[in-house]
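Here is how the chains run, residue by residue.
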Amino acid sequence: MKVAIVGKGGVGKTTIAGTLARLLARDGYNVLAIDADPNLNLASSLGIPEEIAKKIIPLSENIEFIRSRVQPFFGGIMSFTPKVDDVVDRFGVTGPDGVKLLVMGTVRSGGSGCMCPENAFLRALLSHILLGRRDVVVLDMVAGLEHLGRGTARGVDLMLCIVEPSIKAIETAERIYKLAREIEIREVAAIGNKILSEEDKVFISKGLGEIGISLLGHIPFDEAVIRADMVGKALLDYAPSSKVVQSIEEVKNIIVEKYLQ
Ligand SMILES: Nc1ncnc2c1ncn2[C@@H]1O[C@H](COP(=O)(O)OP(=O)(O)OP(=O)(O)O)[C@@H](O)[C@H]1O
Ligand SMILES: [Mg+2]
């Protein structure tokens, strides 16, 4: 199962991706987290110490290595020799709870025709690796799906769209939903985040209901998330028994039940 965490900028994608990845790993899944956002902050959300995170080599800075793994094929299709363990050993790190992390670095923008090697690499990685029943890939995406290109997004099984109570977040969810349907992604679901009131929940449910996206649950607004961020700690380590972690756990259970059984 390959899950991409998507949504408008700042809605909580990285926080949720990191926490979800570790909670899934605690359930016994083999989790590969991929940071596809050039801002590179998934490591901290996963609880990987800064001194280790600093040593991670983004794949985009290893174009030669990527080129050696991605051979141009006729008709613009890329072929790929997937050796993910090799890639993770060389460029990734293993963090708390055994989550493996790969960092893409700058994924250059471009549409479906983009042939840049790092984009092709991510696309090939997504379409060829980790198909075991207990394997999960969690992708933390850059805000606004367009950057990745449709071909890359096509390898994803589930798009989890994070939505905060704002019109813009709902509009982004709608764009993502349309794109996902165009490229035949099997599942799109949403999670409400930064919820402060019942009205927030109603606003999000109504907005998503009109689009037709199913809602897996709500995560409250909690200052602990911001404080964890400020001290550079993973939410799961900073406030393990908080309501916000409990809510992410509930959403994780629904994901396991609905998509991973
Ligand atoms: N449930 C929450 N309660 C309070 N603050 C939150 C919550 N979720 C996220 N935040 C805060 O919102 C900000 C953005 O969160 P995060 O970086 O996870 O979002 P993002 O969608 O990955 O952002 P970007 O689009 O920049 O990658 C951070 O300061 C984070 O601490
Ligand atoms: Mg982010």
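For the structure, check the block above.
This text gives an overview of the structure that appears in the document. (Residues numbered from 1 in each chain as written. Chains lettered and ligands numbered in written order. Predicted model: local features only at pLDDT ≥ 70, side-chain atom pairs only at ≥ 80, totals over all residues. Heavy atoms only, no water.)

**Brief notes about the site of ligand 1**
As a matter of local geometry, ligand 1 sits amid 17 residues, with Gly10, Lys13, Thr14, Thr15 and Asp222 nearest to it. Between ligand 1 and the protein, one listed contact pairs a nitrogen atom with a backbone N or O atom of aspartate 222 at 2.9 Å. Here the residues of the shell around ligand 1 sort into six nonpolar, six polar and five charged. (Near = heavy atom within 4 Å. Polar contact = N/O pair within 3.5 Å; in protein donor to acceptor, adjacent residues only side chain to side chain. Nonpolar A, V, L, I, M, F, W, Y, C, P; charged D, E, K, R; others polar.)

**Quick word on the pairing of strand S9 (residues 187-195)**
A large share of S9 lies buried, amounting to seven of its nine residues. Where strand S8 (residues 158-163) lies against S9, six bridges are found, and the strand directions are parallel. For cysteine 161, the partnering residue across the bridge sits in S9 and is alanine 190. Of the crossover connections in this fold, the one passing from S8 over helix H8 (residues 167-182) to the parallel S9 is right-handed. In the classification by handedness, the crossover that spans S9, the intervening helix H9 (residues 198-211) and the parallel strand S10 (residues 214-220) is right-handed. (Buried < 20%, exposed > 50% of the residue type's maximum accessible area, 1.4 Å probe, protein only. Helix = DSSP H or I, 4+ residues; strand = E, 2+ residues; numbered from the N terminus. Pairing = 2+ DSSP bridges. Right-handed = clockwise from strand over helix to strand, strands pointing away.)

**A short note on the pattern of salt bridges**
Inspection of every chain in the model, using the stated rule, returns 11 salt bridges. Aspartate 237 is paired through a salt bridge with arginine 22; the nearest N and O atoms lie 2.9 Å apart. Taken together, the positions of aspartate 237 in helix H11 (residues 235-238) and arginine 22 in helix H1 (residues 13-26) put the pair 215 residues apart, joining distant regions of the chain. Given a relative accessible area of 35%, aspartate 237 falls into the partly exposed group. (Salt bridge = Lys/Arg side-chain N within 4 Å of Asp/Glu carboxyl O.)

**A short note on a nonpolar patch on the surface**
On the surface, a nonpolar cluster with roughly 620 Å² of combined accessible area is contributed by Leu196, Phe221, Ile226, Met230, Val231 and Tyr238. Summarising the element assignment, valine 231 is placed in the loop between helix H10 (223-230) and H11. (Patch = residues over 30% accessible without salt bridge, like charges linked within 9 Å, V, L, I, M, F, W, Y side chains within 5 Å. Areas by Shrake-Rupley, 256 points an atom, 1.4 Å probe, with all protein chains shown as cover.)

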